[in-house]
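Descriptive analysis of the structure
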Amino acid sequence: MTAQLMDGNALAAQIRSEVAARVLTLKNSGVQPGLAVILVGDDPASQVYVKHKVADCESVGMRSVLDRLPADTPQPALLARIRALNADPAVHGILVQLPLPPHIDANQVIATLSPAKDVDCFHVANVGALMAGLPGFKPCTPHGCMRLLQAAGVDPRGKHAVVVGRSNIVGKPMAMLLLQANATVTICHSATPDLGAMTRQADILVAAVGRRNMITADMVKPGAAVIDVGMNRNEAGKLCGDVDFAAVKEVAGWITPVPGGVGPMTRAMLLVNTLQAAQAGAAATTT
Ligand code: GUN
C-alpha cells in the first residue's frame, strides 16, 4: 500500500486565498492587518524563516514590518522595542523569532508580548487559555497539523494519537489540540522506553523530535496518519523530516512530506492568527 500524501503546499495556498479575501474586507472597513517580526542576530535558518513570513504577509495584502536587531542587542532594548509594538495600533501581531541569542531570556521576552498580539500563542496567558479550552489563538504548527488531518478526512475522535516530542512550541500544544478533538493522546519523549511499542499503537502519529529517520517503518501501524514536523538536513544538506518517508509511506494510510507538509501550514496559520488579531482589534475599536 502507498499512503495518501497530505499536501501542505496545496492546503496552505487555499488558506492564503481565504485569508486574502478577508484581509480585503477588513481593509475596506479601514483596517489593514499588520504583523511585526523581530529577528535578533543572524542565524541563517531564522533569516530564511522570517523572510518567508514577511513575503507571506505581502502575498495576502497584510502589512509587515521586519525588525532586524544585532546579535548583541541588550535585553532591555529588545523589551523596549516589544513594548513600542504592543502600543502601536497599526501592528496587530508580533512574532519574535526563536531561538534568541544566549544572553537573552526568551521567557522574559514572551512575557513582555501583549497576549492580544501574540500570534505564535507562546505567552502563558494564551497557553493557559488553550489548556482551559477558552477562545484565543492556536499555536501555528499544531494548528496547521490539525488542519492537514481535517483536510484528509481523518477525524481524531476515538483514535489513539501519539505525539513524539514535548516542546512548548509543538509537542505539548499538539497533544492539547488532539485531546480537544476527542483523541486519546499519548506524549512520548527522550525518556520513553520502547518508543516503537508506543508509536505502533498510533492511529495518528506526530513526530516532532528533530532527528532524521527517528520514525522507521516498523514503528508505524498500517494505515496510520503520520505527520512529520521535523526539519532536519541530511549529509547532502537536503531538508528532511523525522520520518523515514520512503519506507513509512508504504505502511501509513496518510503521510506529510518534508518539505511541503507541515512547514507551509505553519506559515499559513500565522496569517490566520494575524487576521484573527486584526479582526479582534477592529471589533474592540468599534464597540
Ligand atoms: N522558531 C522555530 N519555530 C518558530 C515559531 O513557530 N515561532 C517563532 N517565533 N520562532 C520559531
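Below or above, wherever it landed, is the structure these notes cover. (Residues numbered from 1 in each chain as written. Predicted model: local features only at pLDDT ≥ 70, side-chain atom pairs only at ≥ 80, totals over all residues. Heavy atoms only, no water.)

Observations regarding the sheet that holds strand β7 (residues 204–207)
Strand order in the open sheet formed by 6 strands is β1-β11-β8-β7-β5-β6, and the pairing between neighbours is parallel. Two strands close off the open sheet at either side, each with one partner strand: β1 (4–5) and β6 (184–188). Helix-sheet contacts for helix α7 (residues 171–180) involve β5 (160–164), β6 and β7, and the interaxial angle to β5 is about 170 degrees. (Pairing = 2+ DSSP bridges. Helix = DSSP H or I, 4+ residues; strand = E, 2+ residues; numbered from the N terminus. Contact = heavy atoms within 4.5 Å. Axes fitted to C-alpha atoms, helices over the stretch in contact; angles between N-to-C directions.)

Brief notes about the layout of surface pockets
A volume near 1100 Å³ is recorded for the largest pocket. Lining the largest pocket are 42 residues, and of these Tyr49, Gln97, Thr141, Met231 and Thr266 lie nearest its centre. For the lining of the largest pocket, the secondary structure elements donating two or more residues are α2 (44–59), β4 (93–96), α6 (140–152), β9 (232–233) and α10 (262–286). Class assignment of the residues belonging to the lining of the largest pocket gives a composition of 23 nonpolar, 13 polar and 6 charged. A volume near 440 Å³ is recorded for the second largest pocket. Contributing to the lining of the second largest pocket are 18 residues, with Cys121, Phe122, Val124, Val127 and Asn168 lying nearest its centre. (1 Å grid on protein atoms, 1.4 Å probe; cavity = no way out; pocket = protein on both sides within 12 Å on 5 of 7 lines; lining within 4 Å. Points joined across faces, edges and corners; volume = space filled by probe spheres on them. Nonpolar A, V, L, I, M, F, W, Y, C, P; charged D, E, K, R; others polar.)

Quick look at the site of the ligand
Around the ligand, the neighbouring residues are Leu95, Val96, Gln97, Leu98, Asp120 and Phe122. Interatomic distance of 2.9 Å between a backbone N/O atom of Val96 and a nitrogen atom of the ligand. With respect to the ligand, the side chain of Gln97 contributes an N or O atom lying 3.2 Å from a nitrogen atom. Among the detected pockets, the ligand sits in the largest pocket. Its residues placed into classes, the shell around the ligand shows 4 nonpolar, 1 polar and 1 charged. (Near = heavy atom within 4 Å. Polar contact = N/O pair within 3.5 Å; in protein donor to acceptor, adjacent residues only side chain to side chain. Sits in = over half its atoms within 2 Å of the grid points.)

Some remarks on the pattern of salt bridges
What the rule picks out here adds up to 5 salt bridges. Among the ionic pairs, Asp67 bridges to Arg81, the shortest N-O distance being 2.3 Å. On the criterion of sequence distance, the pair formed by Asp67 in strand β3 (residues 63–69) and Arg81 in helix α3 (residues 75–86) is long-range, its members being 14 residues apart. Overall, Arg81 belongs to the partly exposed group, its relative accessible area being 29%. One salt bridge connects Glu250 with Lys249, and the closest N-O pair in it is separated by 2.9 Å. (Salt bridge = Lys/Arg side-chain N within 4 Å of Asp/Glu carboxyl O. Buried < 20%, exposed > 50% of the residue type's maximum accessible area, 1.4 Å probe, protein only.)

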